[in-house]
Amino acid sequence: MVTERACLWIDLAALVDNWRTLARRQAPGACGAVVKANAYGLGMQTVAEALQGAGCRHFFVSNPQEGVALRQHLNAVMTRSGVSNGAAGLNLLTQIYVLQGVVEGEEPLCEDWDLIPVLVSLPMARRWWNFSRQSGRSLASALKFNTGMNRLGLSEQELAEVLDRFPGLVADTVLLMSHLACADEPGHPLNALQLQRFSEALHRLRQLNPNLAGSLANSSGLYLPHPRFDLARPGAGLYGVNPCPGLPHPLKPVVSLALPVLQVQLAQAGDYVGYGAQTRLERASRLVVVAGGYADGFFRAAFPALKAYADDSVGQVHALPLAGRVSMDALVFDATDCPDLREGMQVRLLGPEQTVDALAAAAGTIGYEVLTGLGERLRRRYLPVLP
Ligand SMILES: *Cc1c(COP(=O)(O)O)cnc(C)c1O
């Protein structure tokens, strides 16, 4: 057996707790979960299974391939738990939406695996409607309306065209979606404008399809003083990113990571550390070399702000400053003030002391990029949801 060097621990109880907190903000509407990009790097299947167990019935992925993998996993969970009618029913009730819709040729994947494509453009809507008619079934889809972010979505004119030319498609549409560009900046005027455009479009489409649900909020959107509509789509908040930058974190940290010390170096005042001799030591120093680097998701730009945390023998926590640049597989920290730290012990890089947001700030980026950048060789391990 190969022993593991470093594990990325994912606290499923905290994840579920975060989902419940967000779901309370969305009530009485439903709260889904965005599990695209392998659940922001944390493992789509395990994350979705835990959230389904907590009552989540709406999952969002980026593309049909992710959707198929999720559907297969949820089917396997159902089989594993015994195909009671209850479990089968639960699985049929669990919706998987594909945020980027379908490129040409992917339509059958959605039909076969019960995925709901989010139609983001006029050609995509037309293609899906043709496919849907040929299939002879009424296939559910969602429509994405561009309310001002100008990333994906139908313009106002295109939406009017869909209403005009494909009323059958609108009748089969289960969800109208839009995405906020500045949900994490409550004071930004674009929020109110997007809200107004979305409300008007939803009203218009409901004249043709009164059952149409609306979905606008991501994690940060749930902290705006907005109407909630019918379905929320939080992602980052579930995984411990603060949805309210600059304000107290309303959710729990989910990931933690400790890395082993490979070597202790005793260096003299005036010595240099690492590539480019970036750090010159001002005092005789005790350096610890840790197994982890930019290949694991510790951005080079995190120099010099990145810290590691360790306890000394009397239980006091030390923040160890980074010494020298981040390299691919190694980080060097100054442990002069924590002399108990030895080879084989671990230092903490991610956790309550240094959250994903703090690690992101150290590198001039956002928690989303930290999470999705965590490297493949950090084995994901899960703290279970307690019954
Ligand atoms: C990724 C994504 C979300 C989730 O956003 P968070 O900020 O992670 O909560 C919601 N909606 C759409 C369209 C997305 O692409």
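Structure's up top.
In this text the structure is predicted, and so the values were computed from the model without any measurement.

A. Fine view of unusual backbone geometry. A cis amide bond, omega 10°, links A27 with the succeeding residue P28. Along the chain, P28 turns up in the loop between α1 (12-26) and β2 (30-31). With an omega of 5°, the peptide bond running from F303 to P304 counts as cis. Inspection of the secondary structure assignment puts P304 in the loop between β14 (285-291) and β15 (307-311). The phi torsion at F229 lies on the positive side, around 55°, for a residue other than glycine. Mapping F229 onto the fold places it in the loop between β9 (213-215) and β10 (231-232).

B. Structural context of the packing of aromatic side chains. A complete count under the given rule lists 5 aromatic pairs for this structure. On the numbers, 6.1 Å between centres and 35° between planes, the contact of Y40 with Y368 is tilted. Within this pair, whereas Y40 is found in helix α2 (residues 36-40), its partner Y368 is found in helix α12 (residues 367-373), the two being separated by 328 residues in sequence. Owing to a relative accessible area of 7%, Y40 belongs among the buried residues under this scheme. Given a relative accessible area of 32%, Y368 falls into the partly exposed group. For the ring pair F198 and F229, a centre distance of 4.9 Å and an interplane angle of 90° mean the geometry is edge-to-face. Of the two residues, F198 sits in helix α10 (residues 189-206) while F229 sits in the loop between β9 and β10, which places them 31 residues apart along the sequence. Members of the aromatic cluster, each reached through a chain of ring pairs, are Y40, Y239 and Y368.

C. Spatial organisation of the nonpolar core. Ranked by internal contacts, the top residues of the largest apolar core, which has 115 residues, are V35, L51, Y239, L320, L331 and F333. In terms of residue count, α1 provides more of this core than any other element does, 7 residues in total. Within the second largest apolar cluster, 7 residues are counted, among which are A267, V273, L281 and A323.

D. Highlighting the site of the ligand. The immediate surroundings of the ligand are formed by 14 residues, with K36, Y40, S219, A236 and Y368 found nearest. In the environment of the ligand, an oxygen atom lies 2.5 Å from a nitrogen or oxygen atom belonging to the side chain of S219. At 2.8 Å from an oxygen atom of the ligand is found a main-chain nitrogen or oxygen belonging to A236. One can see that the ligand is located within the largest pocket. Residue composition of the shell around the ligand, grouped by class: 6 nonpolar, 4 polar and 4 charged.

E. The sheet that holds strand β6 (residues 115-119), seen in detail. Strand order in this open sheet of 7 strands is β3-β4-β5-β6-β7-β8-β9, and the pairing throughout is parallel. In this open sheet, the two strands that pair with only one neighbour each are β3 (33-34) and β9. Note: strand β5 (residues 95-98) against β6, 3 bridges, orientation parallel. Looking across to β6, one finds that Y97 is bridged to I116.

F. Representation of the packing of α1 against helix α3 (residues 44-54) in the model. The interhelical angle for the contact between α1 and α3, taken along N-to-C directions, is 55°, at an axis separation of 10 Å. Of the possible angle classes, the one that applies to α1 and α3 is oblique. The hand of the α1/α3 crossing is right-handed. Residues L12, L15, V16, W19 and R20 of α1 touch α3, and the partners they reach there are T46, V47, A50, L51 and A54. Taken together, the residues of the contact of α1 with α3 sort by class into 8 nonpolar, 1 polar and 1 charged.

G. Local environment of the pattern of salt bridges. By the definition in use, this model includes 12 salt bridges. Salt-bridge contacts for D230 lead to R206; the nearest nitrogen and oxygen are separated by 2.8 Å. Linking D230 in the loop between β9 and β10 with R206 in helix α10, this pair joins segments that are 24 residues apart in sequence. Residue R206 is classed as partly exposed on the basis of its relative accessible area, which comes to 31%.

H. Seen up close, the environment of S121. Relative to the assigned elements, S121 resides in the loop between β6 and α7 (122-135). Counting along the chain gives 20 residues from S121 to G101, while the straight-line C-alpha distance between them is 9.1 Å.

I. Representation of the layout of surface pockets within the structure. For the largest pocket, the calculated volume is near 750 Å³. Together, 35 residues line the largest pocket, and K36, Y40, H179, N218 and Y368 are the ones closest to its centre. If you tally residues by element for the lining of the largest pocket, the top one is helix α11 (residues 356-362), at 3 residues. Of the residues assigned to the lining of the largest pocket, the class counts are 18 nonpolar, 11 polar and 6 charged. By volume, the second largest pocket amounts to about 200 Å³. Looking at the second largest pocket, the residues that line it are R5, A6, L259, A291, G292, D296, D329, R377, L378 and R379. Here the residues of the lining of the second largest pocket are counted per class, giving 4 nonpolar, 1 polar and 5 charged.

J. Examining the side chain of S327 more closely. Looking at the secondary structure, you find S327 in the loop between β16 (317-321) and β17 (330-334). Residue S327 is classed as buried on the basis of its relative accessible area, which comes to 16%. Of the polar contacts made by the side chain of S327, one reaches the backbone oxygen of A330; its length is 3.2 Å. Excluding anything up to four places from it in sequence, S327 contacts Y275, G293 and Y294.

Reading guide: rules and limits
Residues numbered from 1 in each chain as written. Predicted model: local features only at pLDDT ≥ 70, side-chain atom pairs only at ≥ 80, totals over all residues. Heavy atoms only, no water. Helix = DSSP H or I, 4+ residues; strand = E, 2+ residues; numbered from the N terminus. Phe/Tyr/Trp six-rings, centres within 6.5 Å; stacked < 30°, edge-to-face > 60°. Buried < 20%, exposed > 50% of the residue type's maximum accessible area, 1.4 Å probe, protein only. Core = buried A, V, L, I, M, F, W, Y, C linked by side-chain atoms within 4.5 Å. Near = heavy atom within 4 Å. Polar contact = N/O pair within 3.5 Å; in protein donor to acceptor, adjacent residues only side chain to side chain. 1 Å grid on protein atoms, 1.4 Å probe; cavity = no way out; pocket = protein on both sides within 12 Å on 5 of 7 lines; lining within 4 Å. Sits in = over half its atoms within 2 Å of the grid points. Nonpolar A, V, L, I, M, F, W, Y, C, P; charged D, E, K, R; others polar. Pairing = 2+ DSSP bridges. Axes fitted to C-alpha atoms, helices over the stretch in contact; angles between N-to-C directions. Parallel < 35°, antiparallel > 145°, perpendicular 65-115°, else oblique. Left-handed = near helix turned anticlockwise from the far one by under 90°. Contact = heavy atoms within 4.5 Å. Salt bridge = Lys/Arg side-chain N within 4 Å of Asp/Glu carboxyl O. Points joined across faces, edges and corners; volume = space filled by probe spheres on them.

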